[in-house]
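# Chain and residue survey
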Amino acid sequence: MKFRTIIAATCAVLALSMAGPISAHDSKAETVTKNFEAAIPNISGKSLIAVEVDYAPGAASPSHTHAKSAFIYAYVISGAIESKVNDGETRIYRAGESWSEAPGATHSISRNASKTEPAKLLAVFVIDTDDKALTTPIK
């Protein structure tokens, strides 16, 4: 699959109307809204799923892993997101910046870097179609 195809799919996701939240927590957590889901026609057994993650000021996601098959492209739509994946450095990504997560990665920090402004992230998953749980909290 060409990178241009992934970018085109991501742009299409941004143009879609938002569906209802698939996960909502208290005001100090995130709200996750699925925007797009489709099988990838030229890669048997793989799907593309895109979600928006809205963080209230000061909100954070618990440490988590993603489905073992998931390759993730994360793009900050607005605000600033503080993130740490595996043993990498803790970094703040601002609107327009992005990163990726390899299959099996541990996401130990994922939070709004601001205590006063909201932040929004688009996460695009390339995943085995049979995988159902996108995110699993680490206990």
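Data block above holds the structure.
Below, the structure is looked at part by part.

What counts and how
Residues numbered from 1 in each chain as written. Predicted model: local features only at pLDDT ≥ 70, side-chain atom pairs only at ≥ 80, totals over all residues. Heavy atoms only, no water. Helix = DSSP H or I, 4+ residues; strand = E, 2+ residues; numbered from the N terminus. Buried < 20%, exposed > 50% of the residue type's maximum accessible area, 1.4 Å probe, protein only. Core = buried A, V, L, I, M, F, W, Y, C linked by side-chain atoms within 4.5 Å. Contact = heavy atoms within 4.5 Å. Pairing = 2+ DSSP bridges. Axes fitted to C-alpha atoms, helices over the stretch in contact; angles between N-to-C directions.

## So, the overall build of the protein
Helices and strands together make up the secondary structure of the protein, namely one helix and eleven strands. When the helices and strands of the protein are listed from N to C terminus, the series reads α-β-β-β-β-β-β-β-β-β-β-β. When burial is assessed residue by residue, the protein has 37% of its 139 residues classed as buried.

## Points about the nonpolar core
Residues V51, I81, W99, L121 and F125 are the most contacted members of the largest nonpolar core, which totals 22 residues. Elements with a minimum of two residues in this core: β3 (46–55), β5 (71–78), β6 (80–85) and β10 (119–128). Top contributing element to this core by residue count: β10, with five residues. Filtering out sequence-adjacent residues up to four positions away, W99 remains in contact with I72, Y73, A74, V76, I81, S83, V85, Y93, H107 and L121. Among the nonpolar cores identified, the runner-up in size contains six residues, and A50, L122, V124 and V126 belong to it.

## Remarks on the sheet that holds strand β9 (residues 106–112)
Spatial strand order, β7-β6-β9-β4-β11: five strands in an open sheet with antiparallel pairing. With partners counted over all chains shown, the strands left at the sheet margins are β7 (91–94) and β11 (135–137), one partner each. When strand polarity is set aside, the average angle formed by the axes of neighbouring strands in this sheet is 35 degrees. Examined bridge by bridge, β6 and β9 share five bridges and lie antiparallel to one another. From the neighbouring strand, I81 faces β9, where its bridge partner is N112.

## Some points on the pairing of strand β8 (residues 98–101)
A one-sided burial pattern is seen for β8, the buried positions being W99 and E101 and the unburied ones S98 and S100. Direction of pairing for β5 relative to β8: antiparallel, over a ladder of four bridges. Within β8, the residue paired with A74 across the bridge is W99.

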